[in-house]
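# Observations on the three-dimensional arrangement
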Amino acid sequence: MKVLYIVFTIILLSGCSTVPDQFGKLDLKKWRSDRGGCNGVRATLVPAFKAEIQNLKGKTANTIGDLLGRPDINQIEDRNQKFYIYFLEKGAHCNTPSGKSTSRSVAIRMSAIGLATEITFQNGLP
């Protein structure tokens, strides 16, 4: 009975993991705190983000969401692909969330099976 209790406790605790505050050089806590890039923090984190691009590729959509936080825009494409878009700087989207913004952003393309396959930088939406 004691062994069963220990095994159950280990299984229970292993499922309760917290989201890290750091991903390589990228400070995830700062990234997640700057929703929409409206406070200018994400713009300062771009070099660290670029350094981790290869480590983000292949991650699941859930993992990307856990690490970077909820995307500013979740854009659905054909063939069950989608983009997670994170704005890097303040723009029209900060004052009018439904308005079109041309601010710098990063787009993470998710494949039909939910893996990050491509990460691009652009002004506005891809």
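Taking an unreviewed UniProt entry as the reference, the protein is identified by name as Lipoprotein belonging to Spirosoma endbachense.

## Structural notes on helix α5 (residues 61-68)
Buried within α5 are the following residues: Ala61, Ile64, Leu67 and Leu68. For α5, the arc enclosing every buried residue in end-on projection is 130 degrees, short of the 170-degree limit, so these residues lie on one face. Downstream of α5 by one or two residues, glycine 69 has phi in the positive range, about 90 degrees.

## Quick look at the pattern of salt bridges
One pass over the structure, following the stated rule, counts five salt bridges. We note a salt bridge from arginine 32 to aspartate 21, for which the minimum N-O separation is 3.5 Å. One end of the pair, arginine 32, is in helix α2 (residues 28-33); the other, aspartate 21, is in the loop between α1 (2-14) and β1 (22-23), and eleven residues separate them in sequence. On the accessibility criterion, arginine 32 (25% relative accessible area) is partly exposed.

## Considering the sheet that holds strand β3 (residues 73-76)
Taken in spatial order, the four strands make up an open sheet running β3-β4-β5-β6, and their pairing is antiparallel. Both edges of this open sheet fall to β3 and β6 (116-123), since each of them pairs with a single strand only. Pairs of neighbouring strands in the sheet enclose a mean axial angle of 25 degrees, with direction left out of account. The sheet contact formed by strand β5 (residues 104-110) and β6 spans seven bridges and is antiparallel. Bridge pairing in β6 places alanine 107 opposite threonine 120. Lying on the sheet, helix α3 (residues 41-51) is in contact with β4 (82-87), β5 and β6; it crosses β6 at an angle near 140 degrees. Against the sheet, α5 contacts β4, β5 and β6, and its axis sits at roughly 10 degrees relative to β4.

## Here we look at the state of the cysteines
In this structure the tally under the stated criterion is one disulfide. The disulfide that involves cysteine 38 links it to cysteine 94, with 1.9 Å between the sulfurs. Measuring handedness by torsion sign, the sulfur bridge of cysteine 38 and cysteine 94 sits at about -100 degrees and is left-handed. Taken together, the residues span a long stretch of sequence, with cysteine 38 in the loop between α2 and α3 and cysteine 94 in helix α6 (residues 92-95) at a distance of 56 residues.

Conventions and cut-offs
- Residues numbered from 1 in each chain as written.
- Predicted model: local features only at pLDDT ≥ 70, side-chain atom pairs only at ≥ 80, totals over all residues.
- Heavy atoms only, no water.
- Buried < 20%, exposed > 50% of the residue type's maximum accessible area, 1.4 Å probe, protein only.
- Helix = DSSP H or I, 4+ residues; strand = E, 2+ residues; numbered from the N terminus.
- Arc of directions from axis to C-beta.
- Salt bridge = Lys/Arg side-chain N within 4 Å of Asp/Glu carboxyl O.
- Pairing = 2+ DSSP bridges.
- Axes fitted to C-alpha atoms, helices over the stretch in contact; angles between N-to-C directions.
- Contact = heavy atoms within 4.5 Å.
- Disulfide = S-S within 2.5 Å.

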